[in-house]
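Overview (structure and organization)
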Amino acid sequence: DQCELSPMGVHTGQADLDWRVFRIMSELVQGFEFLTGLVEDVTVLGTKSEDLESRFYKQAEQLGKELANNGFAVVTGGASGIAESANKGAMEVGGESIGLAMEVEGNQRINEYVTRSLMFQFPFTRKLIVSAPSKSFVFFPGGLGTMHHLFEVLTLMQTGKMERIPIILFGAEYWEPLDAYIVDVLAKKMQTIAVEDTNLYHIVDSVDDAMTIINSFREQRVGKKVL
């Protein structure tokens, strides 16, 4: 596209590009500064569906409570559904409840159960900040966005760009078919990943099992620091 001159003699196309670059840089700086100081945090991701009576919604809320009671800050995408339920659980017991939300068509949509939040305009900057290393990631059933985040984190760990941390897939009925594909097709049949890559994640069906994995990893981490 051709750039046009504004009344001040500035190429509007270039000015718009410069603004976008500046805004992207600003969002990245703000995002990483926002996360500074989080020592123990767990990221919870999943569907935006607002079925408040669903089993997964209730379990995400309970997980948020257990994480907060165990000293973890709960980080979500700040929207409705699973994010809202996890934030709600954390807030109700006095925990730190964080939302990293996305501005959609000029509207700032964020649930009411966050103690701190940050809004993003660009989806790729938000994805980078949401995928920034937590002490664990818990993925509830979700759509393409949830899958995007999951495989982003798995790839970063597989390639050594992120430390190995617990990746928990909550809900066997939802995740086992994907696990079967990863094991049977990717690892064994096509050999596009190593068999050991299938150990990068854990499938659980209860909050207790998720907390056992998260707390065990913390104990190992603290023990290594002491040594």
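First things first, this report covers the structure right here in the doc. Not measured: the values here are computed from a predicted model.

Focus on the layout of surface pockets
Rolled over the atoms, a probe as big as a water molecule pinpoints where empty space is left. When its volume is computed, the largest pocket comes out at roughly 440 Å³. Lining the largest pocket are 22 residues, with Lys48, Arg126, Gly145, Thr146 and His149 positioned closest to its centre. At the level of secondary structure, the elements contributing two or more residues to the lining of the largest pocket comprise strand S1 (41-45), helix H3 (82-92), strand S3 (97-104), helix H4 (123-130) and helix H5 (144-158). Sort the elements by how many residues they give to the lining of the largest pocket and H5 lands first, with five residues. Per-class residue counts for the lining of the largest pocket are 10 nonpolar, nine polar and three charged.

Some words on the side chain of Asn87
Counting through the fold element by element, Asn87 comes out in helix H3. What makes Asn87 buried here is its relative accessible area of 0%. Side chain to side chain, Asn87 and Asn111 meet in a polar contact 3.0 Å long. When sequence neighbours within four positions are dropped, the list of residues in contact with Asn87 reads Val74, Thr76, Gly78, Ser97, Ile98, Asn111, Tyr113 and Val114.

Looking at the pattern of salt bridges
Summed over the entire model, instances satisfying the criterion amount to eight salt bridges. Two residues, Lys65 and Glu61, come together in a salt bridge whose shortest N-O distance is 4.0 Å. Residue Lys65 and its partner Glu61 are located together in helix H2 (residues 55-69), separated by four residues, close to a single helical turn. The salt bridge partner of Lys65 is Glu92, with a shortest N-O separation of 3.7 Å. Highlighted residues: Lys65 in helix H2 and Glu92 in helix H3, separated in sequence by 27 residues. Salt bridges sharing partners connect three or more residues here, namely Glu61, Lys65 and Glu92.

Let's talk about the pairing of strand S6 (residues 136-139)
Burial of S6 is two-sided: the residues Ser136 and Val138 facing one way and the residues Phe137 and Phe139 facing the other way are all buried. For S1 and S6, the ladder comprises four bridges, and the chain directions are parallel. In the sheet register, Leu45 faces S6, and the bridge partner there is Phe139. Of the pairings in the sheet, the one linking S6 to strand S7 (residues 167-170) comprises three bridges and is parallel in character. Residue pairing in the sheet places Phe137 in a bridge with Ile167 of S7. With H5 bridging S6 and the parallel S7, this β-α-β connection has right-handed handedness.

Analysis parameters
- Residues numbered from 1 in each chain as written.
- Predicted model: local features only at pLDDT ≥ 70, side-chain atom pairs only at ≥ 80, totals over all residues.
- Heavy atoms only, no water.
- 1 Å grid on protein atoms, 1.4 Å probe; cavity = no way out; pocket = protein on both sides within 12 Å on 5 of 7 lines; lining within 4 Å.
- Points joined across faces, edges and corners; volume = space filled by probe spheres on them.
- Helix = DSSP H or I, 4+ residues; strand = E, 2+ residues; numbered from the N terminus.
- Nonpolar A, V, L, I, M, F, W, Y, C, P; charged D, E, K, R; others polar.
- Buried < 20%, exposed > 50% of the residue type's maximum accessible area, 1.4 Å probe, protein only.
- Polar contact = N/O pair within 3.5 Å; in protein donor to acceptor, adjacent residues only side chain to side chain.
- Contact = heavy atoms within 4.5 Å.
- Salt bridge = Lys/Arg side-chain N within 4 Å of Asp/Glu carboxyl O.
- Pairing = 2+ DSSP bridges.
- Right-handed = clockwise from strand over helix to strand, strands pointing away.

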